[in-house]
Amino acid sequence: MRFHEYGGIDVLRVEEVERPVPGPGQVLVEVRAAGIQPGEVMIREGARHGRWPATFPSGQGSDLAGVVVEAGPQVRGVAVGDEVLGFTHNRASHSEFVVVDDVDLILRPEGLSWEVAGSLYVAGTTAYATVFAVDPAPGDTVVVSGAAGGVGSLAVQLARRRGAAVIGLASESNHAWLKDRGVVPVAYGEGVAERIRQACGGKVDAFIDTFGDGYVELAVELGVRPERINTIRDWQAAAKVGARTYGEGAAACAVVVGEVARLAARGELEVPIARVYPLERVREAFRELERGHTHGKIVLRP
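None of the values given here were measured: they were computed from a predicted structure.

## Observations regarding the overall build of the chain
And then number 1: When helices and strands are counted, the chain shows 10 helices and 12 strands.
And then number 2: Taken over C-alpha atoms, the radius of gyration comes to 19 Å for the chain, in line with the 19 Å a tight globule of 302 residues would show.
And then number 3: Overall, the C-alpha framework of the chain stretches about 60 × 40 × 35 Å when taken along its three principal axes.
And then number 4: Residues counted as buried form 54% of the 302 residues belonging to the chain.
And then number 5: Sequence-distant contacts in the chain: of pairs separated by 6 or more residues, those separated by 24 or more amount to 67%.
And then number 6: Carbon and sulfur atoms make up 48% of the accessible area of the chain, which totals about 13300 Å².
And then number 7: With 32 positive and 39 negative side-chain charges, the chain shows a spacing of 3 Å between the two charge centroids.

Shown next, in the form of structure tokens:
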């Protein structure tokens, strides 16, 4: 999957290219599943050119899971035939084959589906970083915006594992799922501050914003200290009030991916899969993602 210019969904193209060759410390992975991310939309549209510029033609995708089919020299930890999951920083996983550094892969835990394995890196490490940033503890109340999305659905569960009470902001169609995981659901929109106060008795200790659009200001309004507010979307608001911006980059390593994968394989962390699309229907996949209100991850299967 490549695009040759910034633009909307129509610039995405599935093209035939030469099969890549792994170099020293690299392996070639035949991809079985690769997640898609909201951040990839902003990169493709050029909205993040100053932060993450694209070089054309640009590939796309970082999450991946698959089978090692070729190994370059000096590879450690993985071998041809291994089932693996991990990530690439080269915008290349939305493809049939991708070259990956050996240090960015782990062995796929037994019982972990390809779809979950292939969508863990960005959402899993981002959720891990957001929870680490606000440091929830037993007795704390944590609010999570976008609580049913790819990152939010994991963040609420990880915060609950730390013993905190969690309020999840989500549409009513996702309230039952949140309740089943010990999260107090609250509808977003007008009057949300008062609904949050009613749900928690007026005390909010930490706020994880996965959505942007005014939630940093809402956290301040609720009395949350800036150092216990974390946003992965609204960096400008964070800079204004002194909030944190820990995201995927703060936990981008195979160790964290491995921890999240093991929790998921043991059934201690649910990774909701909204839908799976074949690679040739990548435009449809992004149309669904860009409509919003997706519960969990959208995954491509080459």
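Now that the structure has been shown, the text picks up again.
## As for the environment of Ala-117
And then number 1: By the secondary structure assignment, Ala-117 is in helix 2 (residues 114–117).
And then number 2: For the pair Ala-117 and Ala-264, spaced 147 residues apart in sequence, the C-alpha to C-alpha distance is 9.0 Å.

## Comments concerning the side chain of Asp-234
And then number 1: Here Asp-234 is to be found in the loop between strand 10 (229–231) and helix 8 (235–241).
And then number 2: The side chain of Asp-234 is buried and forms no salt bridge, while Lys-240, the nearest opposite charge, is found at 8.0 Å.
And then number 3: Beyond its immediate stretch of four places on either side in the chain, Asp-234 contacts Asp-209, Gly-212, Asp-213, Gly-214, Val-216 and Glu-217.

## Looking at the pairing of strand 2 (residues 63–71)
And then number 1: Sheet topology places strand 1 (residues 26–35) next to strand 2; six bridges connect them, and they run antiparallel. Residue pairing across strands places Val-27 opposite Ala-71, the latter belonging to strand 2.

## Points about the sheet that holds strand 7 (residues 165–169)
And then number 1: What the five strands build is an open sheet, ordered 8-7-6-9-10; its pairing is parallel. Each of the sheet's edge strands pairs with one partner strand only, and the pair in question is strand 8 (184–186) and strand 10. Ignoring which end each strand starts from, the neighbouring axes of this sheet average 15° apart.
And then number 2: The sheet strands contacting helix 3 (residues 121–134) are strand 9 (206–209) and strand 10, and the helix crosses strand 9 at an angle near 155°.
And then number 3: The strands that helix 4 (residues 152–161) touches are strand 6 (141–145) and strand 7; relative to strand 7, the one it contacts most, it runs at about 165°.

Scoring rules and cut-offs
- Residues numbered from 1 in each chain as written.
- Predicted model: local features only at pLDDT ≥ 70, side-chain atom pairs only at ≥ 80, totals over all residues.
- Heavy atoms only, no water.
- Helix = DSSP H or I, 4+ residues; strand = E, 2+ residues; numbered from the N terminus.
- Rg over C-alpha atoms; globule rule 2.2 N^0.38 Å.
- Buried < 20%, exposed > 50% of the residue type's maximum accessible area, 1.4 Å probe, protein only.
- Contact = heavy atoms within 4.5 Å.
- Areas by Shrake-Rupley, 256 points an atom, 1.4 Å probe, with all protein chains shown as cover.
- Lys, Arg positive; Asp, Glu negative; His and termini not counted.
- Charge placed at Lys NZ, Arg CZ, Asp CG, Glu CD.
- Salt bridge = Lys/Arg side-chain N within 4 Å of Asp/Glu carboxyl O.
- Pairing = 2+ DSSP bridges.
- Axes fitted to C-alpha atoms, helices over the stretch in contact; angles between N-to-C directions.

From the geometry alone we can't say anything about function, so treat these as descriptive.
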